[in-house]
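Listed here are the chains, written in short residue letters.
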Amino acid sequence: MNKYKNLNKGSVAITTFYGNTNQGSALQLYALYSKIIQLGYTPLVMDFLNTKNLSYKLIRFCTMFNRGIGLIKEPGLFKYRELAKGGLLLPETIEKYNDFYKKKFLYTSDVYSKLSDIDAFITGSDQVWNLQVPNLHYTFYLRFVNKEKRIAYAASFGCNYIPEYNRKKLNAYLKDMRFISVREHSGAAIVKETINREVLVALDPVLLVGKEFWDNEIRGQNKQDFKYILCYFLDESLIGETLAQRIKRELNIEVRLVDTGVSFDNCKAEALDPIQFVDLIKHAEYIITDSFHATAFSLLYSKKYYTISRQYKSRKEQKDRILSLMELTKTEDRYIQTFEETEQTDICKTYDFEYVETILQKKRCESELYLINSLESVICDKKRKDMEGRI
């Protein structure tokens, strides 16, 4: 059955990272997109990078112009995007991502010629509000649309402080957001400090949709008939590789490495699409990662996992987003920062799976209620104004 059938509550455009080769980014987008369908709305991914659309060209220009002004004011930020990435992705990996984005989503430019015809806009989740971006991200703060249509869902600032060069701009941008929820407690503190507003700390979309949703998505995948340690790293990590080799040696199970351009000795990287990635997490004995979303899925599926402090090259540390989730679930002792910890860690120790499930369900209810209320408010107001305009 067409999943878009009977979605008559209104249209909702999601503005976030899309089309990139990051499992977490792809899956958080798919989760929020799917939740909007469950709530009875027609979701669309705003393909603001589409250079064929004149409106999007203007938005792109405003975003880049805004960025340029920020760099002129703070020339030391020219290297802010530089990361300690590994090598190139396998061609099969890129193909799988492209296929995923092509088949799973409707895009705004495919349906609407005018953005003003769309009922509501959501920015989030992921680091859409990264405070290290010079002059902030014009598009992800929804500056191109009427402020009455703006909703932020589980937006992440990427750090726990406000750089002085973005403080004034942040104040203006946040004041113009109609509904705000953030992903981390530090994000709620930033909003409070900036505009004196209390906001909800919401679950990342991959946790919002819940385990049953992902189980349905991975149904029909190839059965994993042997035990393995799944490693997913966004940057090179000798600490992570050391821990994986220790677990392999002591428990006699294989190491499997998800292709991200990162390499491990004597371990062939595997090309996976996002759904295959979730499937491998569900069936793994251990997860070792430096990724927020791999950590989130590990908790969702009650897996034995360790999250390694990510080895950024020039971007400042962003561990707050991971530690916020670990604090919520009381699993902070599974965060590894040094080689010494790889030897001292009790690899057989578990955590309170029942508590994690309970707290996630509580937060899930709060997060869904926020999403329902904000969408209903925005779309009801738009329909009322449209009706008044016809009178």
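In what follows, the accompanying structure is described. Values in this document were obtained by computation on a predicted structure and should not be read as measured data.

1. Thoughts on the sheet that holds strand 6 (residues 200-201)
Here is step 1: The sheet built from six strands is open, its strands ordered 2-1-3-4-5-6 with parallel pairing. Because the sheet does not close on itself, it has two edges, and the strands there are strand 2 (42-45) and strand 6.
Here is step 2: Two elements, strand 1 (residues 11-15) and strand 3 (residues 120-123), share four bridges in a ladder whose sense is parallel. Within strand 3, the residue paired with alanine 13 across the bridge is phenylalanine 121.
Here is step 3: Contacting strand 1, strand 2, strand 3 and strand 4 (150-155), helix 1 (residues 23-38) runs over the sheet at an angle of about 155 degrees to strand 2.
Here is step 4: Sitting on the sheet, helix 6 (residues 185-195) is in contact with strand 5 (179-182) and strand 6, with an inclination near 140 degrees to strand 5.

2. Focus on helix 8 (residues 210-218)
Here is step 1: Regarding helix 8, the residues found buried are Gly210, Phe213, Trp214 and Ile218. Along helix 8, the residues classed as buried sweep out an arc of 125 degrees about the axis, all on the same side.

3. Some details on the pairing of strand 3
Here is step 1: Neither face of strand 3 is exposed, since Ala120 and Ile122 on one face and Phe121 and Thr123 on the opposite face are all buried.
Here is step 2: Across three bridges, strand 3 lies against strand 4 in parallel orientation. Each residue of the ladder has a partner; that of threonine 123, found in strand 4, is alanine 152.

4. Quick look at the pattern of salt bridges
Here is step 1: Within the structure shown, the criterion is met by 18 salt bridges.
Here is step 2: One salt bridge connects aspartate 204 with arginine 183, and the closest N-O pair in it is separated by 3.0 Å. Highlighted residues: aspartate 204 in the loop between strand 6 and helix 7 (205-208) and arginine 183 in the loop between strand 5 and helix 6, separated in sequence by 21 residues.
Here is step 3: For arginine 183, a relative accessible area of 6% translates into the label buried.

5. Some thoughts on the environment of tyrosine 335
Here is step 1: Examined against the element boundaries, tyrosine 335 turns out to sit in strand 12 (residues 335-336).
Here is step 2: Along the primary structure tyrosine 335 and alanine 244 are separated by 91 residues, whereas in three dimensions their C-alpha atoms are 14 Å apart.
Here is step 3: Excluding its chain neighbours within four sequence positions, the residues that come into contact with tyrosine 335 are Thr307, Ile308, Ser309, Lys319, Ile322, Leu323, Met326 and Glu341.
Here is step 4: Looking at tyrosine 335, its side chain comes within polar contact range of the side chain of serine 309, at 3.4 Å.

6. Topic: the nonpolar core
Here is step 1: Grouped together as the largest cluster of nonpolar side chains are 108 residues, with contacts concentrated most on Trp129, Tyr153, Phe157 and Trp214.
Here is step 2: The dominant element in this core, judged by the number of residues it contributes, is helix 1, at nine residues.
Here is step 3: Among all residues touching tryptophan 129, those that are not within four sequence positions of it are Thr123, Phe140, Tyr141, Ala152, Ala155, Ser156, Phe157, Leu174, Met177 and Ile180.
Here is step 4: If you look at the next biggest cluster of nonpolar residues, it comprises 20 residues, including Cys231, Ile239, Ala244 and Cys267.

7. A word on the packing of helix 11 (residues 292-300) against helix 12 (residues 320-328)
Here is step 1: For the pair helix 11 and helix 12, the least separation of the axes is 10 Å and the interaxial angle reads 10 degrees. Judged on the interaxial angle alone, helix 12 and helix 11 are roughly parallel. In this structure, the crossing between helix 11 and helix 12 has a hand that is right-handed. Where helix 11 approaches helix 12, its residues Phe292, Thr295, Ala296 and Leu299 are matched on the opposing element by Arg321, Ile322 and Leu325.
Here is step 2: Class assignment for the residues of the contact of helix 11 with helix 12 results in five nonpolar, one polar and one charged.

8. A word on the sheet that holds strand 10 (residues 286-289)
Here is step 1: Strands sit in the order 9-8-7-10-11-12 across an open sheet of six strands; the sheet is parallel. Because the sheet does not close on itself, it has two edges, and the strands there are strand 9 (269-270) and strand 12.
Here is step 2: Both strand 11 (residues 304-308) and strand 12 contribute to a ladder of two bridges, which runs parallel. By the bridge assignment for strand 12, isoleucine 308 is matched with isoleucine 336.
Here is step 3: Sitting on the sheet, helix 10 (residues 274-283) is in contact with strand 7 (228-232), strand 8 (254-258), strand 9 and strand 10, with an inclination near 135 degrees to strand 7.

What counts, and where the lines are drawn
Residues numbered from 1 in each chain as written. Predicted model: local features only at pLDDT ≥ 70, side-chain atom pairs only at ≥ 80, totals over all residues. Heavy atoms only, no water. Pairing = 2+ DSSP bridges. Helix = DSSP H or I, 4+ residues; strand = E, 2+ residues; numbered from the N terminus. Contact = heavy atoms within 4.5 Å. Axes fitted to C-alpha atoms, helices over the stretch in contact; angles between N-to-C directions. Buried < 20%, exposed > 50% of the residue type's maximum accessible area, 1.4 Å probe, protein only. Arc of directions from axis to C-beta. Salt bridge = Lys/Arg side-chain N within 4 Å of Asp/Glu carboxyl O. Polar contact = N/O pair within 3.5 Å; in protein donor to acceptor, adjacent residues only side chain to side chain. Core = buried A, V, L, I, M, F, W, Y, C linked by side-chain atoms within 4.5 Å. Parallel < 35°, antiparallel > 145°, perpendicular 65-115°, else oblique. Left-handed = near helix turned anticlockwise from the far one by under 90°. Nonpolar A, V, L, I, M, F, W, Y, C, P; charged D, E, K, R; others polar.

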